[in-house]
Amino acid sequence: MIMEKIELKNVDKTIYREVLDNGLEIIIIPNNEFSKKKNYYFNYGTYYGASINEFVPKGMSKMTSFPSGIAHFLEHKMFESKDGIKPFDFYAKTGSYVNAFTSYKNTCYVVTGNKKMKENLEYLLTFVNSPYFTDENVKKEQGIICEEAAMNDDSPDYLAYKTINKNLYKVSPYNTPILGTIKSIKEITKDDLYKCYNTFYRPSNMFLVVGGAVLPDEVVKITTDTLARFNLERDDTIKIKHYKEPVKVVKDYEEIKKDVKVEKLAIGFKMDKAKFPIKNKVTLDLYLNMLVSLCFGASSDFREMIRKRHLVSRSGYYFQDVGNVITFMIEADVLNYPVYLKELENYLNNLDVLEEDLERIKKVWISSEVIKSDYADSIVDTVVDDLINYHKVITNYVELIKNMNITTMREVINSLDFTNKAIVRVISENNPLQND
């Protein structure tokens, strides 16, 4: 089989794609031949994250519910091996780095290094395909993650984020933290973990993205030879429950009293995705992200105004795509809540973008795409994001950015609905800086 070559348009970069007989998709982004950099980057991931708690386990026929937080719990347990060797210890011997993370959509295991590429890739593929769960190590992990969850609840920022999601989403698993709750963590069993692992940690539901000082043929050979030891067959029959989230928020306002010096504010504006004019997810994401950059970025008039008037000391703005709804999220450390809220609402109700500003940001973004192509770790991250969000590699970002126009941007702005919102405030009654 000849490996597929994919050209990233307008950035002079070639990536290589191979799908093994067992269904694993491998994407390889080698350094240019003249590069002196010896670093390499592995990202071995599964399309299984914290939003998937109801599915038909492999070998079964009925839709089954699992405790929230189990995807994150499973990620932790993958670092436990029967022979007692810890992946952290293995990679530390070569000065390499290993870690993992779980989102609502996926779980990824990452390795970076600059020597022993073959051994490090073999070990990554081996430990992720060698689950070892016992009643004892599961119970031990429950204590560790419950403690982590309790510590998170002591953080006012985390508490605001956790509560806003609970108040926004009625049926979507996004209403529960990625870690789960202390109650759900305690419900996880060894058998639950094996059912989740066997259903989602199969090659046809996974990807391997490799970048840096690597040779495509060598990566494919190492991967093929290593996985051959596990007798993995292709199986595409995964059935998960899909949720239709009501557009109306669950609870529109909540105050939490806590020992904070500065008020923590979280706001979510929940919108029906069907009302947006752009149906292509890649294009819609570009417009929404550019809108945030233009209207709420570090150099925007709004950010400059709230800074100068000392309304907030920190703030972040982003869109969250949750199935059939899109939510505009705001997280802030607020110094004057009523004035900030009034200015925010006035700004949102008169939102607009100037054509010259759009064209300026387009040039910045295109330049960023070109620069990013010189850094293997950045391209690996971008490709992984593409796979997670779109299940394919987007090869024409520069072209898509060039085609963005003010007419479509204003259509997107006109589609935004800021009437349906949830507000969460973490406040201290004794703080003189908080104004009501």
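Residues numbered from 1 in each chain as written. Predicted model: local features only at pLDDT ≥ 70, side-chain atom pairs only at ≥ 80, totals over all residues. Heavy atoms only, no water.

Caption draft 1: Geometry of the overall build of the protein. Along its length, the protein carries 15 helices and 14 strands. Here the protein has a C-alpha radius of gyration of 23 Å; the compact-globule value for 436 residues is 22 Å, and the two agree. Taken along its principal axes, the extent of the C-alpha atoms in the protein is 65 × 50 × 45 Å. Residues counted as buried form 53% of the 436 residues belonging to the protein. Total accessible area on the protein is roughly 21000 Å²; 50% of this is exposed by carbon and sulfur atoms. If the 59 positive side-chain charges of the protein are averaged to one point and the 62 negative ones to another, these points end up 2 Å apart. (Helix = DSSP H or I, 4+ residues; strand = E, 2+ residues; numbered from the N terminus. Rg over C-alpha atoms; globule rule 2.2 N^0.38 Å. Buried < 20%, exposed > 50% of the residue type's maximum accessible area, 1.4 Å probe, protein only. Areas by Shrake-Rupley, 256 points an atom, 1.4 Å probe, with all protein chains shown as cover. Lys, Arg positive; Asp, Glu negative; His and termini not counted. Charge placed at Lys NZ, Arg CZ, Asp CG, Glu CD.)

Caption draft 2: Structural view of the sheet that holds strand β3 (residues 25-30). Across the sheet, seven strands lie side by side as β1-β2-β3-β9-β4-β8-β7; this open sheet has mixed pairing. Lying at the two open borders of the sheet, with one neighbouring strand each, are β1 (4-8) and β7 (97-102). Across this sheet, the average inter-strand angle for adjacent strands is 20 degrees, counted without regard to direction. Of the strand pairs in this sheet, strand β4 (residues 40-46) and strand β8 (residues 107-113) are connected by seven bridges, and their pairing is antiparallel. Opposite asparagine 43, over in β8, you have valine 110 as the bridge partner. In this fold helix α1 (residues 70-77) packs onto β7 and β8, with an angle of close to 165 degrees to the strand it touches most, β7. (Pairing = 2+ DSSP bridges. Axes fitted to C-alpha atoms, helices over the stretch in contact; angles between N-to-C directions. Contact = heavy atoms within 4.5 Å.)

Caption draft 3: View of the pairing of β1. Alignment of β1 against strand β2 (residues 13-19), held across five bridges, turns out to be antiparallel. The partner of glutamate 4 across the bridge, within β2, is arginine 17. From the end of β1 to the start of β2, which pair antiparallel, there are four residues, and asparagine 10 there has a positive phi angle of about 70 degrees.

Caption draft 4: Structural detail: unusual backbone geometry. The residue asparagine 10 is not glycine, and still its phi comes out positive at about 70 degrees. Look at asparagine 10 and you get partly exposed, because its relative accessible area is 48%. Despite not being glycine, lysine 116 shows a phi value in the positive range, around 50 degrees. Along the chain, lysine 116 falls in the loop between β8 and α3 (117-128).

Caption draft 5: Quick peek at the pairing of strand β11 (residues 263-272). Among the 10 residues in β11, nine count as buried, and that is most of the element. Bridge count between β11 and strand β13 (residues 325-334): 10 bridges; the pairing is antiparallel. Across the sheet, the residue bridging to glutamate 263 is valine 334, located in β13. Here six bridges tie β11 to strand β14 (residues 421-427), and the two strands are oriented antiparallel to one another. Bridge pairing in β14 links glycine 268 to alanine 422.

Caption draft 6: Here's a closer look at the nonpolar core. Phe296, Phe328 and Tyr340 are the most contacted members of the largest nonpolar core, which totals 71 residues. Beyond its immediate sequence surroundings of up to four residues, phenylalanine 328 is in contact with Ile267, Gly268, Phe269, Met271, Val292, Phe296, Tyr317, Tyr318, Phe319, Leu348 and Phe418. (Core = buried A, V, L, I, M, F, W, Y, C linked by side-chain atoms within 4.5 Å.)

Caption draft 7: Structural detail: the confidence of the model for the protein. In the predicted model, the protein carries a mean pLDDT of 94, and the fraction of residues at 70 or more is 97%. In the model, residues 432-436 has pLDDT below 50 throughout and makes 17 contacts with residues more than four positions away in sequence or in other chains. (pLDDT = per-residue confidence, 0-100.)

Caption draft 8: Local environment of the environment of glutamate 245. Topologically, glutamate 245 is positioned in the loop between α8 (216-228) and β10 (253-257). In this structure, the C-alpha to C-alpha distance between glutamate 245 and tyrosine 201, residues 44 residues apart in sequence, is 27 Å. The contact partners of glutamate 245, leaving out residues within four places of it in the chain, are Leu168, Tyr169, Lys170, Val171, Ser172, Lys270, Asn324 and Val325. A distance of 3.1 Å separates the side chain of glutamate 245 from the backbone nitrogen of valine 171, its partner in a polar contact. (Polar contact = N/O pair within 3.5 Å; in protein donor to acceptor, adjacent residues only side chain to side chain.)

Caption draft 9: Expanded view of the side chain of threonine 163. Inspection of the secondary structure assignment puts threonine 163 in helix α5 (residues 156-168). What makes threonine 163 buried here is its relative accessible area of 5%. Setting aside anything within four residues of it in sequence, one finds threonine 163 in contact with Glu254, Ile256 and Val424.

Caption draft 10: Up close: the pattern of salt bridges. Taken as a whole and judged by the stated rule, the model has 33 salt bridges. Ionic pairing is found between lysine 77 and glutamate 80, a salt bridge with its closest N-O pair at 2.6 Å. Across the pair arginine 360 and aspartate 357 runs a salt bridge, and its minimum N-O distance is 3.5 Å. Of this pair, arginine 360 and aspartate 357 both sit in helix α12 (residues 355-372), separated by three residues, roughly a single helical turn. Connected through shared salt-bridge partners, Lys77, Glu80, Lys86 and Glu141 make up one network. (Salt bridge = Lys/Arg side-chain N within 4 Å of Asp/Glu carboxyl O.)

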